[in-house]
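Working through the structure, step by step
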There are 2 protein chains.
Amino acid sequence: VNTVGIVGVGLIGGSFALALRKAGFTGRIVGVSSAATVEKALALAVIDEALPLSDAAAVSDLIYLAQPISQILETLDAIDEYVRPGTLITDAGSTKAAICERGASKITRGRFIGGHPMAGKESRGVEHADADLFRGRPYVLTARDPELEQWIERIGARLLFLNPKEHDELAAVVSHVPQLISTALAAQIGAAAGASTLAGPAAVDLTRLALSPYDVWRDILATNSVPIRAALKEFGGILEGLGRQLNEPGMEQEFLRAAKAARGLRSVSSGKD
Amino acid sequence: VNTVGIVGVGLIGGSFALALRKAGFTGRIVGVSSAATVEKALALAVIDEALPLSDAAAVSDLIYLAQPISQILETLDAIDEYVRPGTLITDAGSTKAAICERGASKITRGRFIGGHPMAGKESRGVEHADADLFRGRPYVLTARDPELEQWIERIGARLLFLNPKEHDELAAVVSHVPQLISTALAAQIGAAAGASTLAGPAAVDLTRLALSPYDVWRDILATNSVPIRAALKEFGGILEGLGRQLNEPGMEQEFLRAAKAARGLRSVSSGKD
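Read on for an overview of the structure. (Residues numbered from 1 in each chain as written. Chains lettered and ligands numbered in written order. Predicted model: local features only at pLDDT ≥ 70, side-chain atom pairs only at ≥ 80, totals over all residues. Heavy atoms only, no water.)

Here we come to the overall build of chain A. Counting secondary structure elements, chain A contains twelve helices and nine strands. The C-alpha atoms of chain A give a radius of gyration of 21 Å, which matches the 19 Å a tight globule of 273 residues would have. Across its three principal axes, chain A shows a C-alpha extent of roughly 65 × 35 × 35 Å. Looking at chain A residue by residue over its 273 residues, the buried ones come to 56%. Long-range pairs, those at least 24 residues apart, make up 64% of the contacts in chain A between residues at least 6 apart in sequence. For chain A, the exposed area adds up to about 10,900 Å²; of that, 52% sits on carbon and sulfur atoms. Charged side chains of chain A number 28 positive and 31 negative; the gap between the two group centres comes to 4 Å. (Helix = DSSP H or I, 4+ residues; strand = E, 2+ residues; numbered from the N terminus. Rg over C-alpha atoms; globule rule 2.2 N^0.38 Å. Buried < 20%, exposed > 50% of the residue type's maximum accessible area, 1.4 Å probe, protein only. Contact = heavy atoms within 4.5 Å. Areas by Shrake-Rupley, 256 points an atom, 1.4 Å probe, with all protein chains shown as cover. Lys, Arg positive; Asp, Glu negative; His and termini not counted. Charge placed at Lys NZ, Arg CZ, Asp CG, Glu CD.)

Let us look at the sheet that holds strand β8 (residues 138-141) of chain A. All names here are of chain A. Spatially, the three strands line up as an open sheet ordered β7-β8-β9, and their pairing is mixed. Because the sheet does not close on itself, it has two edges, and the strands there are β7 (115-117) and β9 (158-161). Across the sheet, the mean angle separating the axes of adjacent strands is 20° when strand polarity is ignored. The pairing of β8 with β9 spans four bridges and is parallel. Counterpart to Tyr 139 in the pairing with β9 is Leu 159. (Pairing = 2+ DSSP bridges. Axes fitted to C-alpha atoms, helices over the stretch in contact; angles between N-to-C directions.)

Moving on to the relation of the copies chain B and chain A. Of the transformation placing chain B onto chain A, the axial shift is 0.0 Å and the rotation is 180°, giving an RMSD of 0.0 Å. Each copy turns onto its partner about a two-fold axis. The rotation axis passes nearest to the C-alpha of Leu 206 of chain B in chain B, at a distance of 2.8 Å. (Least-squares fit on C-alpha atoms with pLDDT ≥ 70 in both.)

For the rest of this paragraph, the subject is the interface of chain B and chain A. Taken together, the contact pairs 80 residues of chain B with 80 residues of chain A. Between chain B and chain A the total buried area reaches about 7,100 Å² when both faces are included, carbon and sulfur atoms providing 73% of it. On the chain B side of the contact with chain A, Gln 188, Leu 198 and Phe 255 of chain B bury the most area, a combined 12% of that side's loss. There are four salt bridges connecting chain B and chain A. (Buried area = accessible area lost by both parts, 1.4 Å probe. Salt bridge = Lys/Arg side-chain N within 4 Å of Asp/Glu carboxyl O.)

Below, the discussion takes up the nonpolar core. A general trend in soluble globular proteins is that nonpolar side chains are found buried together. Counting residues in each nonpolar core, the largest one holds 112 residues, and the members touching the most others are Leu 180 and Phe 235 of chain A together with Leu 180 and Phe 235 of chain B. Leaving out residues up to four positions away in the same chain, Phe 235 of chain B has contacts with Ile 181, Ala 184, Leu 185, Gln 188, Phe 235 and Leu 239 of chain A together with Val 177 and Ile 181 of chain B. By size, the runner-up hydrophobic cluster in this structure holds 34 residues, among which are Leu 11, Ile 47, Leu 88 and Ala 92 of chain A. (Core = buried A, V, L, I, M, F, W, Y, C linked by side-chain atoms within 4.5 Å.)

Okay, the pattern of salt bridges next. For the coordinates displayed, the defined rule picks out 38 salt bridges over all chains. Arg 84 of chain A serves as the salt-bridge partner of Asp 61 of chain A, at 2.7 Å between the closest nitrogen and oxygen. On the criterion of sequence distance, the pair formed by Asp 61 of chain A in the loop between α3 (53-59) and β4 (62-65) and Arg 84 of chain A in the loop between α4 (69-79) and β5 (88-91) is long-range, its members being 23 residues apart. Of the residues examined, Arg 84 of chain A reaches a relative accessible area of 36% and is grouped as partly exposed. What you see here is one network of salt bridges that share partners, running through Asp 205 and Arg 208 of chain A together with Asp 205 and Arg 208 of chain B.

Next comes the structure, spelled out in structure tokens:
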């Protein structure tokens, strides 16, 4: 890879550029973004050069789509005619089935591999880009590519391979359902007169995600609605099961099992595995 | 108040004793607890003296029950015959209806007022007692008493008056349902092969409560099962409603409303109101 094209130079795209540099990438990094973002990205030396999509596509060996999902889909509709044959295109979208399907049907001269770095920050925008954003975090790819894999490992991420359907079903459980739970709980607390006054750390913890801006979630919910509905239904069933056992001895087993799972995901997500 | 009797000298009882001292209480503090706890509490100067329940009850002007709920209920069954007429008895249990009902029927020589300091720590035991544990935290009383109110304000808590039923219904929403949500989500993630590997900050946040030990929750769930079931049902309805709207424009309003509620409870619980 001599030239990398970053399409969408926000927090993720900008961080990927910085992470590549820190990992020893010495080639050229071109960025495609709005005029305002491009100006900031150049000033911060996150990218070497700004180009329109068609020109960036034509000069890049690796194209990294880090836009919102709906824009990634639009870029996939448009980009293939500009790329050189064999150019690798990957993305950083939070759902994979819709994007990989579009990639499979529209990318014929280039090669498309879906990706999802499970990393983020509360603050968005290239000004918050961070070379270490991916360090220790899972990074899902939907197919193998030795060179892409090598760079993902060099930036410190934990590489995982999942097909798009598997990814989206798991993401529904670990990310999309938690978001909706938090939104629902905040709504319930907001609607119960006096509840906010009593809220302690439990309510604060569980409503943190409810602060997430909708514009990030619109595309995720729209492109993953079937797995999300299935995961919501499963979650509702588990919660109802707990509700039926409130004063039964079996509840202790439920708590033990859940605590074990909660510890398990911590040991993995803190990289202690 | 010349003598305060703390029954159950753990994190909460010990912290109440230390908080009283810090707030200028110059009387005697007697403790009723297991031999091992009493030894630690005396060594840490959290209490001045350890006595059996009957003796502590006989010498105290204010009796503070800070045991687990089921033990508070047992103490209320036994204590009235030992107290001097008019002695104020209050408690720190996490549910109020069962306790206040027991207090109303069993405390006739003394006076019982239910209490719930909405404060805690992950570490329990008198060795973690903290004079500032109640500072800025809500402290619910189920009835008024000028002298008790004055001490609760002096220890820095935010005094609230709720009847037992109101308290338990709100606690179900802000505390008990969040606990069960977290337990259910951890169970779901634990049961989905590969999910832990993908878990990010969202799953970590929402499964923190699932680490809570069951022994704290047994009594809460048993003494508040009716309000908890009602709140679970309401929560399930809100979540289902979100599930039906995943790719509809109305979802934006749901996110905005929930984010507003989440900000609202933060401004209250951080004392910025």
